[in-house]
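Single-letter residue listing:
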Amino acid sequence: MSKKSVDGTVVFNEYFTSVYGDRWTGIHDALLKDDKKVARRNLFFRQEQAQASAEEGIGAPHEFLPHCFEINESFDLGLFDTPMLPYYRMDPASIIAAQSLAVQPGDAVLDMCAAPGGKSLVLLESLTAAQEGECLDLSGRFVANEMSAKRKFRMMSVFKRYLPKEVRSIVKIRGVDGSIIGLNKKQDFDRILLDAPCSGERGVVHKKSELQTWKVKRTKSFGIRQYSLLSSAFMALKPGGRIVYSTCSISPHENDEVIRKLIKRKKNEIDILELDPIGPSEKTEFGQQFLPDRDGWGPIYYSVIQKGE
Ligand SMILES: C[S@@+](CC[C@H](N)C(=O)[O-])C[C@H]1O[C@@H](n2cnc3c(N)ncnc32)[C@H](O)[C@@H]1O
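Rules behind the numbers
Residues numbered from 1 in each chain as written. Predicted model: local features only at pLDDT ≥ 70, side-chain atom pairs only at ≥ 80, totals over all residues. Heavy atoms only, no water. Pairing = 2+ DSSP bridges. Helix = DSSP H or I, 4+ residues; strand = E, 2+ residues; numbered from the N terminus. Axes fitted to C-alpha atoms, helices over the stretch in contact; angles between N-to-C directions. Contact = heavy atoms within 4.5 Å. Buried < 20%, exposed > 50% of the residue type's maximum accessible area, 1.4 Å probe, protein only. Parallel < 35°, antiparallel > 145°, perpendicular 65-115°, else oblique. Left-handed = near helix turned anticlockwise from the far one by under 90°. Nonpolar A, V, L, I, M, F, W, Y, C, P; charged D, E, K, R; others polar. Domains from an automatic or database assignment. Buried area = accessible area lost by both parts, 1.4 Å probe. Salt bridge = Lys/Arg side-chain N within 4 Å of Asp/Glu carboxyl O.

J.: Please explain the sheet that holds strand E3 (residues 68-71) as it appears in this structure.
T.: The strands making up a sheet are joined through hydrogen bonds of the backbone, oriented either antiparallel or parallel. Here we have 4 strands laid out as an open sheet, ordered E2-E3-E1-E4, and antiparallel in their pairing. Two strands bound the open sheet, and with one partner strand each, they are strand E2 (58-61) and strand E4 (87-90). When strand polarity is set aside, the average angle formed by the axes of neighbouring strands in this sheet is 40°. In this fold helix H3 (residues 92-99) packs onto strand E1 (38-41), E3 and E4, with an angle of close to 40° to the strand it touches most, E1.

J.: Even after reading the chapter, I still don't get the pairing of E1, so can you show me in this structure?
T.: The side chains of a regular strand alternate between the sheet's two faces. Here E1 shows two buried faces, one formed by Val-38 and Arg-40 and the other by Ala-39 and Arg-41. Bridge count between E1 and E3: 3 bridges; the pairing is antiparallel. Its bridge partner being in E3, Ala-39 is matched across the sheet by Phe-69. For E1 and E4, the ladder comprises 4 bridges, and the chain directions are antiparallel. Its bridge partner lying in E4, Arg-40 is registered against Tyr-88.

J.: So what exactly am I meant to see when it comes to the packing of helix H10 (residues 216-236) against helix H11 (residues 256-266) here?
T.: Two elements in contact, H10 and H11, have axes whose closest approach is 9 Å; the angle formed by their N-to-C orientations is 45°. As the angle between them shows, H10 and H11 are arranged oblique. In this structure, H10 crosses over H11, and the sense of that crossing is right-handed. Contacts between H10 and H11 involve Gly-223, Ile-224, Gln-226, Tyr-227, Leu-230 and Phe-234 from the former and Val-258, Ile-259, Lys-261, Leu-262, Arg-265 and Lys-266 from the latter. Across the contact of H10 with H11, the residue classes tally to 7 nonpolar, 2 polar and 3 charged.

J.: Looking at this structure, how should I read the environment of Gly-78?
T.: Locating Gly-78 in the fold gives a position in the loop between E3 and E4. Separated by 22 residues in the primary sequence, Gly-78 and Glu-56 place their C-alpha atoms 9.8 Å from one another.

J.: Would you take a moment to explain the domain arrangement of the protein for this structure?
T.: A common way to report how large an interface is uses the accessible area buried once the components associate. The domain boundaries assigned to the protein delineate domain 1 (3-20 + 92-307) and domain 2 (37-90). The C-alpha-based centres of domain 1 and domain 2 are spaced at 24 Å. Contact residues are listed per partner, giving 26 residues for domain 1 and 22 residues for domain 2. Taken over both partners, the interface formed by domain 1 and domain 2 buries close to 1900 Å², and the fraction arising from carbon and sulfur atoms is 64%. The largest share of the area that domain 1 buries against domain 2 comes from Glu-125, Arg-161 and Tyr-162, three residues that together contribute 35% of it. At the junction of domain 1 and domain 2, the tally comes to 1 salt bridge.

Next up, the structure:
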């Protein structure tokens, strides 16, 4: 068989079998199903205006995630006619990854690849100490950067639907390539979320054309782009600051291997924080990973990087 005619589907399955062994079939099947989402209460919205209601498709409070509720198929944000939306729909694993940045009031925060903006909302709640519809602290600053103009506009409309005016006043929207931010904004941020563009295998398994042309080279080249974003984030971080690097890829080239490269280049300047598993997450060499065959969460990988003082 000539090299050209090799079906990418076979290469894809062989590659992920080499990574996950017998578990791959279960992960593959779980990727084909809908991902699990919860409704998270918008903490900028006064609670009495947002009682969880069965009619709106909102079920029981989540077992251990504060402010989160189970949802059923009838959950539809379009049903709410309030000027600000009382809930947002998110994968629980994304909430946990964003919270691991441990943003504090007063911090200077960068969300380097921010659209459509779900994780920004989680970070902004911590930054402003939001609760019960009030934000107690507006002393921090927040930069939401997104290179795609179309996605940036979508993010701006998300911010309009979820954030009160005073919170939007501390948010700066940028539309630049994240990999140059570090050159222009050296040691400028206390906290940086790098939720990097990635292979997104949940999408790949649903698209025949992408599967048929899939190559290991593709995930390796994402790893190269991700490392350039991560080194930029590292430059933009203040000493003592923290980065959360995350992806929705299940490929080690885009996850632990990107962190390994940073460790190799900056070994005396960084600590990779040890994290306790939360819910169905599993420890990897440098972070945590949610794989969908466990509870339908994710996939999400995240690693928490601390810069030395
Ligand atoms: C995984 S998504 C981010 C999801 C977002 N954090 C959220 O929770 O809604 C990655 C985003 O990075 C953007 N992106 C891709 N390359 C970029 C770059 N070089 N600089 C900045 N943003 C980039 C993509 O357009 C995409 O919107």
